[in-house]
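# Structural features, examined
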Amino acid sequence: MPWGYLISVGILAALTLLALWPLRAPGPLARLSWILTMELDEVPQIGVVWIVAATAIAFADGDVESAGAWLVFALACVTTVGLVVVLARVHRSASTVRRALDRSGMAASRRAHRRPTLAMFAAPVSFLARPGEIERIKNIAYGDEGRAHRLDVYRHRSRPADAPVLVHFHGGGMEHGNKSREAKPLMYRFARQGWVCVSANYRLGGAVRYADRLADVKRVLAWIRTEGVELGADPNLIIVSGSSAGAHLAITAALTPNEPALQPDIECDTSVAAAIGFYGFYGHADDSVPSSPSDVVRAAAPPLLIAHGTNDTFAPVDAARELVERLRAVATQPVVYIELTGAQHSFDLFHSVRYEAVIDGVETFTDWVRAHRSAR
């Protein structure tokens, strides 16, 4: 029995099985399923290369001769088929995004896009490389809470003035995480096109109330309107986004502009032009304030885009569907919902074909928002 070949194929077979049918309960196993498969879900071509290379080495070394070795080879073939299914799901994301935008009346805003496939394969993890034409201004203070009140600004080195602003808040269950993690390809794309992009920390940990975190988000918006102008930001066009817990905060902030009880000591306008949520947790955080976006749904909500994966075992998709239904029942502006077949939690950690398709959708969405604000 070629034990090295068996171990390589066995590990990949198990991961592929979890990618196709993730464990959804109990909670610890669901989270383990997410952690083990998050990369394979987004970049399955790495698994294909892995299994082809392992098989080629096994044949080259003459290890595939016994009945057991041929059984391992058969498992490798079945696993490859599974990986192809995962890959097909990833590539179907572009059509899923297009249909969601078309249903929301944004077909006319769609652009043609060319995917940087080689770059995505060579550096699939989103935070590995920053394009040379983009500068990052690190650790700007927007409040008095040390590292928790720091933000980074990404902008084109040409330093455009009156640039639209995209703000992003990281995930981490409101317990951990930082501004240097998710959504880098999104910010790089928009900064390259002349946007000012902001990625901000906020207060974390069990001792911090949700009300304080929400106030941090609003404090970032106030900073952009007062201080961000010096870095080229247009204070009249701010779009807020977030991942997981950050999506919860971003959507809630967008639905509660300028409410004094939610932004103590902040007198600046905290409204936004639109909001975007990626694989958000949309339940109740605590009882310090209305702490779920569903609690503050309103007709005057700005345009919203929500993207969520069907295989999300950390923040199940049902909550996203329910929030979208509640929003669409009352909102006068579009609510774009992109449900990504097979996507897990944290898909924006990777520079994948799927995430590129989502970014294309965000670009179309923001083009529509800008055009309609100009028309109004």
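Just above sits the structure.
Residues numbered from 1 in each chain as written. Predicted model: local features only at pLDDT ≥ 70, side-chain atom pairs only at ≥ 80, totals over all residues. Heavy atoms only, no water.

Closest axis-to-axis distance for the helix α3 (residues 45–60)/helix α4 (residues 67–91) pair is 9 Å, and the angle between their directions is 160 degrees. With respect to α4, the axis of α3 lies roughly antiparallel. Remark: the crossing between α3 and α4 carries left-handed chirality. Here Q45, G47, V48, I51, T55 and F59 of α3 come into contact with α4, specifically with W70, F73, A76, T79, T80, L83 and L87. Of the residues assigned to the contact of α3 with α4, the class counts are eight nonpolar, five polar and no charged. (Axes fitted to C-alpha atoms, helices over the stretch in contact; angles between N-to-C directions. Helix = DSSP H or I, 4+ residues; strand = E, 2+ residues; numbered from the N terminus. Parallel < 35°, antiparallel > 145°, perpendicular 65-115°, else oblique. Left-handed = near helix turned anticlockwise from the far one by under 90°. Contact = heavy atoms within 4.5 Å. Nonpolar A, V, L, I, M, F, W, Y, C, P; charged D, E, K, R; others polar.)

To continue, consider a nonpolar patch on the surface. Taken together, the side chains of W3, I7, I11 and W50 present a nonpolar region at the surface, about 450 Å² in accessible area. Top contributing element to the nonpolar patch by residue count: helix α1 (residues 3–20), with three residues. (Patch = residues over 30% accessible without salt bridge, like charges linked within 9 Å, V, L, I, M, F, W, Y side chains within 5 Å. Areas by Shrake-Rupley, 256 points an atom, 1.4 Å probe, with all protein chains shown as cover. Salt bridge = Lys/Arg side-chain N within 4 Å of Asp/Glu carboxyl O.)

Our focus in this paragraph is the sheet that holds strand β2 (residues 150–156). Read across the sheet, eight strands follow the order β1-β2-β4-β3-β5-β6-β7-β8 without closing on themselves; strand pairing throughout is mixed. One side of each edge strand has no neighbouring strand; the edge strands of this open sheet are β1 (134–141) and β8 (335–340). Between one strand and the next, the sheet's axes are offset by a mean angle of 20 degrees, whatever the strand orientation. Sheet analysis places strand β3 (residues 163–169) next to strand β5 (residues 233–243), joined by six bridges and oriented parallel. Pairing of A163 across the sheet is with A233, part of β5. Strands in contact with helix α10 (residues 317–330) are β7 (304–309) and β8; relative to β8, the strand with the most contacts, it is inclined by about 160 degrees. (Pairing = 2+ DSSP bridges.)

Formed by 50 residues in total, the largest nonpolar core has its most connected members in L151, V167, V198, V220 and I224. Not counting the four nearest positions on each side in its chain, V220 is found in contact with Y142, L151, V167, F169, V198 and A200. One finds L166, A273, I338 and W368 within the second-largest nonpolar core, a separate group that totals 38 residues. (Core = buried A, V, L, I, M, F, W, Y, C linked by side-chain atoms within 4.5 Å. Buried < 20%, exposed > 50% of the residue type's maximum accessible area, 1.4 Å probe, protein only.)

Next up on the list: α10. Between its first and last C-alpha, α10 extends 21 Å over 14 residues, near the 20 Å set by a 1.5 Å rise per residue. If you check which residues of α10 are buried, you get V317, A320, L323, V324 and L327. Projected onto a plane normal to the axis of α10, the buried residues spread over an arc of 120 degrees and lie on a single side. Seen from the buried face of α10, the exposed residues on the opposite side, beyond 90 degrees, are D318, E325 and A329. Tucked inside the fold, the buried residues of α10 contact α9 (245–255), β7 and β8. (Expected span 1.5 Å × (residues − 1). Arc of directions from axis to C-beta.)

So, on to the packing of aromatic side chains. Taken as a whole, this structure holds 11 aromatic pairs when the rule is applied. A ring pair is formed by F278 and F347, whose centres lie 6.2 Å apart and whose planes are at 75 degrees; its orientation type is edge-to-face. Here F278, found in strand β6 (residues 274–278), pairs with F347, found in the loop between β8 and α11 (353–375); they are 69 residues apart in sequence, far enough to count as distant. The burial state of F278 is the same as that of F347; both residues are buried. (Phe/Tyr/Trp six-rings, centres within 6.5 Å; stacked < 30°, edge-to-face > 60°.)

Over the atoms, a rolled probe matching the size of one water molecule traces out where space is still vacant. Considered as a void within the structure, the largest pocket measures approximately 350 Å³ in volume. If you go around the largest pocket, you meet 19 residues; those closest to its centre are G172, G173, S244, F314 and H345. If one sorts the elements of the lining of the largest pocket by residue count, helix α2 (residues 27–42) sits on top with three residues. A per-class count over the lining of the largest pocket returns nine nonpolar, seven polar and three charged. (1 Å grid on protein atoms, 1.4 Å probe; cavity = no way out; pocket = protein on both sides within 12 Å on 5 of 7 lines; lining within 4 Å. Points joined across faces, edges and corners; volume = space filled by probe spheres on them.)

In this section: a positive patch on the surface. Together, R98, R99, R103 and R328 make up a region of like positive charge exposed at the surface. Its place among the elements puts R328 in helix α10. Look at R328 and you get partly exposed, because its relative accessible area is 45%. (Lys, Arg positive; Asp, Glu negative; His and termini not counted. Charge placed at Lys NZ, Arg CZ, Asp CG, Glu CD.)

This brings us to the side chain of H345. When you line up the elements, H345 lands in the loop between β8 and α11. With near-sequence residues (within four places) excluded, H345 lies in contact with W34, M38, S244, Y279, D312, F314 and A315.

Below, the discussion takes up the pattern of salt bridges. Scanning the entire structure with this criterion turns up 16 salt bridges. Between R136 and D152 there is a salt bridge, and its shortest N-O distance comes to 2.7 Å. Of this pair, R136 sits in strand β1 while D152 sits in strand β2, placing them 16 residues apart in sequence. The salt bridge partner of D216 is R203, with a shortest N-O separation of 2.8 Å.

Its place among the elements puts R213 in helix α8 (residues 210–226). Those residues in contact with R213, other than ones at most four positions away along the chain, are M174, Y202, R203, L204, G205, G206, V208 and L249.

Such coordinate-based values are descriptive only and should not be taken to indicate function.
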